[in-house]
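Each chain is listed here by its residues.
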Amino acid sequence: MDLRKKRGFILFGEFYSNGGCGHEKNAMEIIRRNGWMKEWNGGSAQDFLVLEKRAIQIGSGTSYNRIVASRRFYSESTLDRVAKKYHIEDYHHDLIW
């Protein structure tokens, strides 16, 4: 799958496209569909997915060429492999806590 210039989340090996709705709205829908409403504390839905559920966020803000993931779950080398798999090797990695 080629994710070039797409925005969304990779979670459990599946890509969830934002479809023009933005990361936060997409994240809230993913949380709802997976029955995580009680676990989510009502803060940032996209942070919850990345920091608690191991999601990898593709795109950030106005930049499509960002990969955001939690350092708790991923290393630079793991993100390099993910980027290669999805043909986004030139994207910048942002590992957050």
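None of these values were measured; they are calculated from a predicted model.

Caption draft 1: Expanded view of the sheet that holds strand β4 (residues 63–70). Taken in spatial order, the 5 strands make up an open sheet running β2-β1-β3-β4-β5, and their pairing is mixed. At either margin of the open sheet sits one strand with a lone partner, and together these are β2 (14–17) and β5 (92–96). Pairwise comparison of adjacent strand axes, ignoring direction, gives a mean angle of 25° for this sheet. Bridge count for strand β1 (residues 8–11) against β2 is 4 bridges, and the pairing is antiparallel. Bridging across to β2, G8 finds its partner in S17. Together, β1, β2 and β3 (56–60) form the strand contacts of helix α1 (residues 23–33), whose direction differs from that of β1 by roughly 35°. Taken strand by strand, helix α3 (residues 76–85) contacts β1, β3, β4 and β5, and its axis lies near 135° from that of β5.

Caption draft 2: Molecular detail of the nonpolar core. Counting residues in hydrophobic clusters, the biggest one holds 16 residues, and the most contacted among them are I10, I56, I58, I67 and I88. The set of elements that each furnish at least two residues to this core consists of β3, β4 and α3. For this core, the element with the highest residue contribution is α3, accounting for 3 residues. The contact partners of I88, leaving out residues within four places of it in the chain, are L3, R4, I58, I67 and A83. By size, the runner-up hydrophobic cluster in this structure holds 13 residues, among which are F9, Y16, A27 and A45.

The rules behind these values
- Residue indices follow the written sequence of each chain, beginning from 1 at its first position.
- Side-chain atom pairs in this predicted model are given and counted only at pLDDT of 80 or more, local residue features only at pLDDT of at least 70, and totals for whole chains, interfaces and linings cover all residues.
- The basis for every side-chain value is the complete set of heavy atoms in the structure, and neither hydrogens nor water enter the calculation.
- When DSSP locates at least two bridges between a pair of strands, those strands are taken to pair.
- What counts as a helix is a DSSP run of H or I of at least four residues, what counts as a strand is a run of E of at least two, and both are numbered from the N terminus.
- Working convention: axes come from line fits to C-alpha atoms, limited for helices to the stretch in contact. Angles between N-to-C directions cover 0 to 180 degrees.
- Throughout, a residue-residue contact means that at least one pair of heavy atoms, one from each residue, lies within 4.5 Å.
- By nonpolar core is meant a set of buried Ala, Val, Leu, Ile, Met, Phe, Trp, Tyr and Cys residues that side-chain atoms within 4.5 Å join together.
- The buried label applies to any residue whose accessible area, calculated with a 1.4 Å probe on protein chains only, is under 20% of its type's maximum; exposed applies above 50%, and partly exposed to all values in between.

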